[in-house]
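# What the coordinates show
As a plain string of letters, each chain reads:
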Amino acid sequence: MGRTKPNIIVTGTPGVGKSSHCELLAQATGLKHLSVNQVVKDKSCHDGYDDELKSWIVDEDKLLDEIEEDVKKGGYILDWHVCDIFPKSWIDLVVVLRADSTVLYDRLKSRNYPEKKLQENLDAEIMQVILEEAKESYDEEIVVELQSNNSDDIDSNVERISLWLEQWSQDHPDGI
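Thresholds, definitions, all that
Counting restarts for each chain: residues are numbered from 1 in the order of the written sequence. With pLDDT at 70 or above as the cut-off, local features in this predicted model cover only qualifying residues; side-chain atom pairs require 80 or more to be listed or tallied, and sums for whole chains, interfaces and linings still use all residues. Side-chain measures were taken over the full set of non-hydrogen atoms in the model, leaving aside hydrogen atoms and water. We count a stretch as a helix when DSSP gives it H or I for four or more residues in a row; a strand needs E for two or more, and each element gets its number in order from the N terminus. The cut-offs for exposure are 20% and 50% of the maximum accessible area for each residue type, with area from a 1.4 Å probe on protein chains only; residues under the lower value are buried, those over the upper are exposed, and the others partly exposed. We call two residues in contact whenever any of their non-hydrogen atoms come within 4.5 Å of each other. For this analysis, a salt bridge means a side-chain nitrogen from Lys or Arg found within 4 Å of a carboxyl oxygen belonging to Asp or Glu. Should DSSP find at least two bridges between two strands, the strands are regarded as paired. Here an angle of 0 to 180 degrees is reported between the N-to-C directions of two axes, which are lines fitted to C-alpha atoms, with helices fitted over the stretch in contact. Throughout, the term roughly parallel applies to angles under 35 degrees, roughly antiparallel to angles over 145, roughly perpendicular to angles from 65 to 115, and oblique to all others. Left-handed describes a crossing whose near helix is turned anticlockwise from the far helix by less than a right angle; the clockwise case is right-handed. Only Asp, Glu, Lys and Arg are considered charged, only Ala, Val, Leu, Ile, Met, Phe, Trp, Tyr, Cys and Pro nonpolar, and every remaining residue, Gly among them, polar.

### What to know about the environment of Ala124
- Tracing the chain through its elements places Ala124 in helix H5 (residues 115-126).
- With relative accessibility at 19%, the residue Ala124 sits in the buried group.
- Separated by 112 residues in sequence, Ala124 and Gly12 have C-alpha atoms that sit 9.5 Å apart.
- Here Ala124 is in contact with Thr13 and Val129, once residues within four sequence places are set aside.

Listed below in structure tokens is the structure:
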């Protein structure tokens, strides 16, 4: 049996508002919010912890094995700063959130990011690293870039993605 609900990736540099978007989107649409970071921690899909960067060293194969059965059923919003590891066949929409560097700096600083990690993330945002990865990994027509500088942006983005979901359902009445 095919999927009757789409899978969406909400991705972007840490601090752009992925989790906020995903939580509101899950409430608005009934899709399930899957925090990939939480899966990495809860299911030990990692090879240890990087003390300098204050982050897990993710075992991507173990992670994909852990979530594959559920995600293949559809109806998930994948929340992670990486998008290119997920097979194309799992994904129907890739939302790349972007934030102005001054906004992003303030958000990361408030999280007490170490200076090295803060600078790496700012550089990645400025260089559009995640957007480019998304465009290289998925068909360009399913990759959407959205701004996420304030709560109005989040509300507008959730509404836009909800409308996309309604259209997807109309276009795929029997699933895929």
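Alright, that's what it looks like, and here's the rest.
### Here's the deal with the pattern of salt bridges
- A full pass over the atoms with the stated rule returns seven salt bridges.
- The residue Glu52 makes a salt bridge to Lys116 at a minimum N-O spacing of 3.2 Å. Separated by 64 residues along the polypeptide, Glu52 in the loop between strand E3 (46-50) and strand E4 (55-58) and Lys116 in helix H5 bring together distant segments of the chain.
- By relative accessible area, which is 42% here, Lys116 ends up partly exposed.
- Glu115 is paired through a salt bridge with Lys109; the nearest N and O atoms lie 3.9 Å apart.
- The exposure class of Glu115 is partly exposed, given its relative accessible area of 43%.

### A short note on the pairing of strand E6 (residues 93-98)
- With six of six residues buried, E6 is to be regarded as a mostly interior element.
- Here E6 shows no split at all, with Leu93, Val95 and Leu97 on one side and Val94, Val96 and Arg98 on the other all buried.
- Sheet analysis places strand E1 (residues 8-11) next to E6, joined by four bridges and oriented parallel. Counted as the bridge partner of Ile8 is Leu93 from E6.

### Observations regarding the packing of helix H4 (residues 101-110) against H5
- One can describe the packing of H4 onto H5 by two numbers: an axis separation of 10 Å at closest approach and a directional angle of 155 degrees. When the axes of H4 and H5 are compared, the pair comes out roughly antiparallel. Handedness of the H4/H5 crossing: right-handed. Together, Ser101, Leu104, Tyr105, Leu108 and Lys109 of H4 and Glu115, Leu118, Asn121, Leu122, Glu125 and Ile126 of H5 make up the contact between the two elements.

### Observations concerning the pairing of E4
- Pairing analysis gives three bridges linking E3 to E4, with the strands arranged antiparallel. Directly across from Asp50, in E4, lies its bridge partner Ser55.
- Taking the residues that link successive antiparallel strands as the turn, the E3-E4 hairpin has four residues, and the phi of Lys54 there is positive, at about 55 degrees.

### Observations regarding the packing of helix H1 (residues 18-29) against helix H7 (residues 151-171)
- It is at 10 Å that the axes of H1 and H7 come closest, and there the two elements cross at 45 degrees. Here H7 runs oblique to H1, going by the angle between their axes. For H1 against H7, the interelement crossing comes out right-handed. On H7, the residues touching Ser20, His21, Leu24, Leu25, Ala28 and Thr29 of H1 are Asp153, Ile154, Asp155, Asn157, Val158, Ile161, Ser162 and Leu165.
- Taken together, the residues of the contact of H1 with H7 break down into seven nonpolar, five polar and two charged.

### Looking at the sheet that holds E6
- Within the open sheet, the five strands sit side by side as E2-E5-E1-E6-E7. Their pairing is parallel. Two strands lie at the open edges of the sheet, namely strand E2 (32-35) and strand E7 (143-147), each paired on one side alone. Across the sheet, the mean angle from the axis of one strand to that of its neighbour is 20 degrees, orientation sign disregarded.
- The pairing of E1 with strand E5 (residues 76-79) spans three bridges and is classified as parallel. Looking at E5, one finds that Val10 is bridged to Asp79.
- Its contacts with the sheet place H7 against E1, E6 and E7, and it is angled at close to 155 degrees to E7.

Spatial relationships are all this shows, so hold off on functional conclusions.
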